[in-house]
Every structure is written in C-alpha cells, then in structure tokens.
Amino acid sequence: MRAAEAAGMLAGYGLDALFGDPRRWHPVAGFGTAASALEKRVYAPDRAAGARFAAIAVGAPVLAGAVVAGLTRRQPVLRAVAVAAATWTVLGARTLRAEAHTMAGALDRGDLDAARGRLGHLCGRDPSALDEPELSRATVESVAENTSDAIVAPLFWGAVAGLPGLLGYRAANTLDAMVGHRSARYARFGTPAARLDDALNLAPSRLTAALTVALSPLAGGSPGRALHVWLHDGHRHPSPNAGQCESSMAGALGVRLGGRNVYFGRAETRPHLGDGAPPLAPDIARAARLSGAVGLAAAGLATAYRLAAAYRLATANRLATANRLAAAGHAHRAGRSPAADPSGVRTPTRPASTRQGGMR
C-alpha cells in the first residue's frame, strides 16, 4: 500500500506542476471558511481556548485522512487516487513560482504600482512605501519560506504519515496563517496554532535549507557560500524555521535579506541574512528557479522514502511468512508417533498372525 501512496504523491506533485491551485472551490479555502466559523464559536483571549481550537481544526482533517486510509487499505488504486488528490490540494509550488514571476515582470517594466498590488499574494507586508529592492526582498523571502511551507513540508509529512500527514500539516499551516500572527486578538489565542506549526516545520525547513545549498549552482550560486551563510545566519531570524530557508536562499543567490518590515501599523526590524547586495528583479527569477528545483528534489525524496518503506514492509512480511512455515514444519516433525525411531524411519509392526500364540 505504501507503493500506491508513493505513486499518488508523485502524481499529485505532477498535477500541481501542470495546473497549480484551482481558481475556484479550493479545498484549503473551504477549510479556512470552516475554521473561521469554528473560531467564532470557541474564541476566548487565552491559550486554552486556542489549544481547543487548534486540536479540533487540525484533528478533523487528520481523522478524515485516517478514515479514508482505512477504507482503502485493500484497494491500492483508490488509495493512490486519494493521495494524489490530497497532494495536489496541499501543494502550492506552481502558484508560488507564478506569483514570483509576475512580480519580477512588473518590476522589470518599472511598474511599481502593479508590483505593490501583487505583494499581498505573497506576504502580509504593507507595500505602499516599498521600492524595487524592498519589493524584491519581500518576494525572495516569501519564495524562500514558502518553498518549505507550501512544497517541502507537505511532501515530508506525506512521506512520513501518508494521508493524515498531508491533510494535518496543511491544516496546521493554514491555522498559523489565520491566527498565528501577533495582534491584539490573537496574542494568546493564536499561540498554540503558531507553536504547532513551528514544531511541524522544524525538520522540513532544515531539509529545505540543505536542498537549497546543494542545488544553489542552478541559480548561479556556490554551495560553499550558501552553506556558510546558512550556518552563520540561520539562527538569527526570530522564527526557528523561516531563518533556515531565508539564510540558505540568501547565500545561494549571493544577496542580503532581512531588515525593516512594516505590517499595516506594526513594524519589525530583523537581522540581515547574507552579506551581498539587496536583491533586485532578476534575483526573483533565480529564486523561483531554485525553489522549483528544491521542490522537485523533495518530491523525489518523498517518493523514494515511501517506496523504501513499502520494500521494508514487504521484506518483513516475507520473513514472517517464512518463519511461520518453518515453525509449522518443525511442529509437524515433532508431532510424529512414538513408533518413529530417532532416524525418522518408522519401525514396522509384525502382523497379528505371526505373533506368538497367534495360531489357535
């Protein structure tokens, strides 16, 4: 069955690469609507309410994935179809690259108004006062972080936990985007969702950074320089995960990320990552190309991991079957009648007619 899941994940990745996100009736948007309705019912300005909200909102998709997995446990084709649909639903690789190229095109034309209008599709910063370098920086940082959040992390959890992993991760990541940010309303209520998202991204973000370093030559970068910036600056970001992705991307592109960000009335100053020049429009295209390569590598690793799990399970099953057959044979030999001699040859018994006193 794990082989069917591997095929489904690869098919889902292909569907996302070909078609991107559905323009209408996107399941993640539907989940967001349901989560908003749940929030209205359970909201309270404390972490306990936030924990209940996160448990229900994430637990429901995980349970749904487990139910579908149970119903298709003897139907590999249906399992593959279900995994393909879920993978397509939770990935955002094509859309991420498309938004990056749209931004780069607007900046290449010198159309700052169009570029500022598109920034909201990538991140939540106030674009009104941003120039080309700042718009480029915001885009490169968003591409770096979302390469993990929208591509590598879903594939990672799909490889580890199948359908429940795919759906559960996307639910947690969506909740973090909805309530995990700092604001008066979500300062305490959103903390459990934010912490859950942080925990689920610890491994994927570092895998993303490692793949970014390894594949940096595809963006004209140096693995050695990318590795140096990742190890030197990755921990400086306030997020335990975003800093891994952004620092490795900065090193791969040879640019400097970080600085002052304005979020509609709230400003944050973040440490600089990398020691190059501020990014410009051509660097956005390079970041998008590297993001695509990292996503493809992650899909290959996830598929290989699931296939390896299928091989290990099949090997274990064959070994268990062989052991059962050997045990059954041993029990059969041990259960022979006492008339059998130690050599295994049965001692014949004389006919009754030849026994002493048999003739009357």
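Everything below is about the structure shown above.
The notes below deal with the structure included here. This structure is a prediction, so every number in the text was calculated from the model and none was measured. (Residues numbered from 1 in each chain as written. Predicted model: local features only at pLDDT ≥ 70, side-chain atom pairs only at ≥ 80, totals over all residues. Heavy atoms only, no water.)

Quick word on the overall build of the protein chain
Then comes step 1: Scanning the protein chain from N- to C-terminus turns up 11 helices and 2 strands.
Then comes step 2: Listing every helix and strand of the protein chain by position from the N terminus yields α-α-α-α-α-α-α-α-α-α-β-β-α.
Then comes step 3: For the protein chain, whose C-alpha radius of gyration is 29 Å, the value lies well above the compact-globule estimate of 21 Å for 360 residues.
Then comes step 4: The principal-axis extents of the C-alpha atoms in the protein chain amount to approximately 125 × 50 × 35 Å.
Then comes step 5: In the protein chain, which comprises 360 residues, the proportion classed as buried is 43%.
Then comes step 6: Within the protein chain, contacts between residues separated by at least 24 positions form 70% of all contacts whose residues are at least 6 apart in sequence.
Then comes step 7: Of the roughly 18,200 Å² of accessible surface on the protein chain, a fraction of 62% belongs to carbon and sulfur atoms. (Helix = DSSP H or I, 4+ residues; strand = E, 2+ residues; numbered from the N terminus. Rg over C-alpha atoms; globule rule 2.2 N^0.38 Å. Buried < 20%, exposed > 50% of the residue type's maximum accessible area, 1.4 Å probe, protein only. Contact = heavy atoms within 4.5 Å. Areas by Shrake-Rupley, 256 points an atom, 1.4 Å probe, with all protein chains shown as cover.)

Topic: the nonpolar core
Then comes step 1: Residues Leu 107, Leu 119, Val 140, Leu 155, Met 249, Leu 253 and Ile 284 are the most contacted members of the largest nonpolar core, which totals 53 residues.
Then comes step 2: Of all the elements in the fold, those that place two or more residues in this core are helix 1 (2-19), helix 4 (76-90), helix 5 (93-108), helix 7 (132-179), helix 8 (191-214), helix 9 (223-233), helix 10 (242-253) and helix 11 (281-334).
Then comes step 3: Looking at this core, the element that brings in the most residues is helix 7, giving 12 residues.
Then comes step 4: Ignoring any residue separated from it by four or fewer positions in sequence, one finds Leu 119 in contact with Met 103, Arg 125, Pro 127, Leu 130, Leu 135, Ala 138 and Thr 139.
Then comes step 5: Ala 44, Ala 49, Val 58 and Val 179 belong to the second largest nonpolar core, which has 20 residues in total. (Core = buried A, V, L, I, M, F, W, Y, C linked by side-chain atoms within 4.5 Å.)

Quick notes on the side chain of Thr 87
Then comes step 1: Along the chain, the position of Thr 87 falls in helix 4.
Then comes step 2: If we skip the residues at most four places from it in the chain, Thr 87 touches Gly 8, Met 9, Gly 12, Tyr 13, Leu 155 and Leu 166.

A short note on helix 10
Every α-helix winds through 3.6 residues per turn, so residues three or four apart in the chain are directed the same way.
Then comes step 1: The end-to-end C-alpha distance of helix 10, which contains 12 residues, comes to 16 Å, matching closely the 16 Å that a straight helix rising 1.5 Å per residue would cover.
Then comes step 2: Listing the buried residues of helix 10 in full gives Ala 242, Gly 243, Gln 244, Cys 245, Glu 246, Ser 247, Ser 248, Met 249, Ala 250, Gly 251, Ala 252 and Leu 253.
Then comes step 3: Those residues of helix 10 that are buried are in contact with helix 7, helix 8, helix 9, strand 1 (257-262), strand 2 (267-273) and helix 11.
Then comes step 4: Gly 254, located one to two residues past helix 10, shows a positive phi value of around 70°. (Expected span 1.5 Å × (residues − 1).)

Examining helix 3 (residues 47-71)
Then comes step 1: End to end, helix 3 covers 36 Å across 25 residues, agreeing with the expected 36 Å (1.5 Å per residue, within 8%).
Then comes step 2: Of all the bends in helix 3, the greatest reaches close to 25° and is centred on Gly 59; the proline Pro 61 follows between one and four positions later.
Then comes step 3: Those residues of helix 3 lying buried are Ala 49, Gly 50, Phe 53, Ala 54, Ala 57, Val 58, Pro 61, Gly 65 and Ala 69.
Then comes step 4: Among the residues of helix 3, the N-terminal cap falls to Asp 46, whose side-chain oxygen and the backbone nitrogen of Ala 48 are separated by 3.2 Å. (Bend = angle between axes of the 7 residues up to and from the residue. Polar contact = N/O pair within 3.5 Å; in protein donor to acceptor, adjacent residues only side chain to side chain.)

Some words on a nonpolar patch on the surface
Then comes step 1: On the surface, Leu 63, Val 67 and Leu 71 cluster together into a nonpolar patch covering about 310 Å² of accessible area.
Then comes step 2: Within the element layout of this structure, Leu 71 appears in helix 3. (Patch = residues over 30% accessible without salt bridge, like charges linked within 9 Å, V, L, I, M, F, W, Y side chains within 5 Å. Salt bridge = Lys/Arg side-chain N within 4 Å of Asp/Glu carboxyl O.)

Thoughts on the environment of Glu 134
Then comes step 1: Residue placement: Glu 134 occurs in helix 7.
Then comes step 2: The class for Glu 134 is partly exposed, based on a relative accessible area of 27%.
Then comes step 3: As for Glu 134 and Ala 172, which are separated by 38 residues in sequence, their C-alpha atoms are 29 Å apart.
Then comes step 4: Here the side chain of Glu 134 touches Arg 137 through a polar contact of 2.7 Å, side chain to side chain.

With respect to the packing of helix 3 against helix 8
Then comes step 1: Direction vectors running N to C along helix 3 and helix 8 enclose 50°, while the axes themselves pass 7 Å from each other. For the element pair helix 3 / helix 8, the angle class is oblique. Residues Arg 47, Gly 50, Ala 51, Ala 54 and Val 58 of helix 3 form the contact with helix 8, whose participating residues are Thr 191, Pro 192, Ala 193 and Leu 196.
Then comes step 2: Taken together, the residues of the contact of helix 3 with helix 8 sort by class into 6 nonpolar, 2 polar and 1 charged. (Axes fitted to C-alpha atoms, helices over the stretch in contact; angles between N-to-C directions. Parallel < 35°, antiparallel > 145°, perpendicular 65-115°, else oblique. Nonpolar A, V, L, I, M, F, W, Y, C, P; charged D, E, K, R; others polar.)

Remember that the coordinates give geometry; whether it matters functionally is a separate question.
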